[in-house]
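Structural overview
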Amino acid sequence: MSDRITLHSILQPKQVAQALYHPVWIPESVDPSVDRLKKARIIAGAVAAFGVYTFVQRKFNFDEVLENMLTASVVVLFITPLSVGVMLFVWRRTGTVRQMRVPLFNSLKLLLFFIGSVVGLVFLWVGTTALGGFWLVPLGFTALWLTGMVAYGAVQVSGNFFGTAAVHRCLPPLLATITTWLMALPDLLTGDLHGLSFKMGIVFILGAPVTVTAIAMLEMRRLKRRYGIRLSAHPATLPQPRPAYTPVNNGFMPPQGHPYPPGNPYGAGHPYAPHPQGSPYPPGSPNPYGPGPYGS
């Protein structure tokens, strides 16, 4: 985990989500511009996950939100391993799968843990609304806390896509693109526009995947041009990019402090210190070098 969970932090869903869904083995972004693209991709992905049509119709259907969460979980659960498997087949030409065994296993554990959290949250809300009465208070508070934790966790995993950046830096944008398209295609194929007109339905259904694809392509292009990271290359053959500055307090700051070590760089004493016994020539003594050109 990225942080240790204490009794105080358990009450804060954001800290728990940060510790659980962004563990220390996930590499940080190599470039602030790539990080900004990642945030834009997260926003577009959230639009795809919950559906813009909910806000366009000005109706909030809670059951439909829960259904969308389960649908997205099923899509991610199957498409993520399948897409990574295809890329492993591509990478076998220049390397072995054994070299990526540890990050692959870690990403799979993070994926299963997040999917389990989402499914548990959905069933908890269903049970809370079904039971009601006495159980409404304890189950309701638990469901609210878990909702906050899963929401913050979704932001984390949308950026690192279950830590697949530890396998290959280009995997998160690739998987985000595939996932959003697979969530949009059923509505297009079945013609389910969710009560919108044909033009509005096409715009809002295709808007999110097209936006995510454009941002993901730009993200991978920058990784390739600036750092030599190509999607088709085996991770072991890629250069190891380093951040421009060393991260300090969750930011990027140049090294601080005086550039020279303490002490006199010329050794003990002042380099132009006075003679320890005063002037080496007694007062009134003649000039040892004779008279100058302008007199004594």
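Residues numbered from 1 in each chain as written. Predicted model: local features only at pLDDT ≥ 70, side-chain atom pairs only at ≥ 80, totals over all residues. Heavy atoms only, no water.

**As for the overall build of the protein chain**
Regarding its fold elements, the protein chain presents 9 helices and 2 strands. Split into buried and exposed, the 296 residues of the protein chain put 36% on the buried side. Taking as baseline every contact in the protein chain between residues at least 6 positions apart, the subset at least 24 positions apart corresponds to 70%. (Helix = DSSP H or I, 4+ residues; strand = E, 2+ residues; numbered from the N terminus. Buried < 20%, exposed > 50% of the residue type's maximum accessible area, 1.4 Å probe, protein only. Contact = heavy atoms within 4.5 Å.)

**A few points about the packing of helix α5 (residues 62-91) against helix α6 (residues 101-131)**
Where α5 contacts α6, the two axes come as close as 10 Å, and the packing angle between them is 165 degrees. Judged on the interaxial angle alone, α6 and α5 are roughly antiparallel. When the axes of α5 and α6 are compared, the crossing they make is left-handed. Taking contact as the criterion, the partners of Phe-62, Leu-66, Met-69, Leu-70, Ser-73, Val-76, Leu-77, Thr-80, Pro-81, Val-84 and Leu-88 in α5 are, on α6, Leu-104, Leu-111, Leu-112, Ile-115, Val-118, Val-119, Leu-121, Val-122, Trp-125 and Val-126. Across the contact of α5 with α6, the residue classes break down as 19 nonpolar, 2 polar and no charged. (Axes fitted to C-alpha atoms, helices over the stretch in contact; angles between N-to-C directions. Parallel < 35°, antiparallel > 145°, perpendicular 65-115°, else oblique. Left-handed = near helix turned anticlockwise from the far one by under 90°. Nonpolar A, V, L, I, M, F, W, Y, C, P; charged D, E, K, R; others polar.)

**Some remarks on the environment of Ser-107**
Within the secondary structure, Ser-107 is located in helix α6. Aside from chain neighbours lying at most four places away, what touches Ser-107 is Trp-25, Phe-162, Gly-163, Thr-164 and Val-167.

**Remarks on the packing of aromatic side chains**
Scanning the entire structure with this criterion turns up 4 aromatic pairs. An angle of 55 degrees between the planes, with centres 5.9 Å apart, marks the rings of Phe-114 and Phe-162 as tilted. Of this pair, Phe-114 sits in helix α6 while Phe-162 sits in the loop between α7 (136-160) and α8 (171-190), and the two are 48 residues apart along the sequence. What makes Phe-114 buried here is its relative accessible area of 9%. We classify Phe-162 as buried; its relative accessible area is 4%. (Phe/Tyr/Trp six-rings, centres within 6.5 Å; stacked < 30°, edge-to-face > 60°.)

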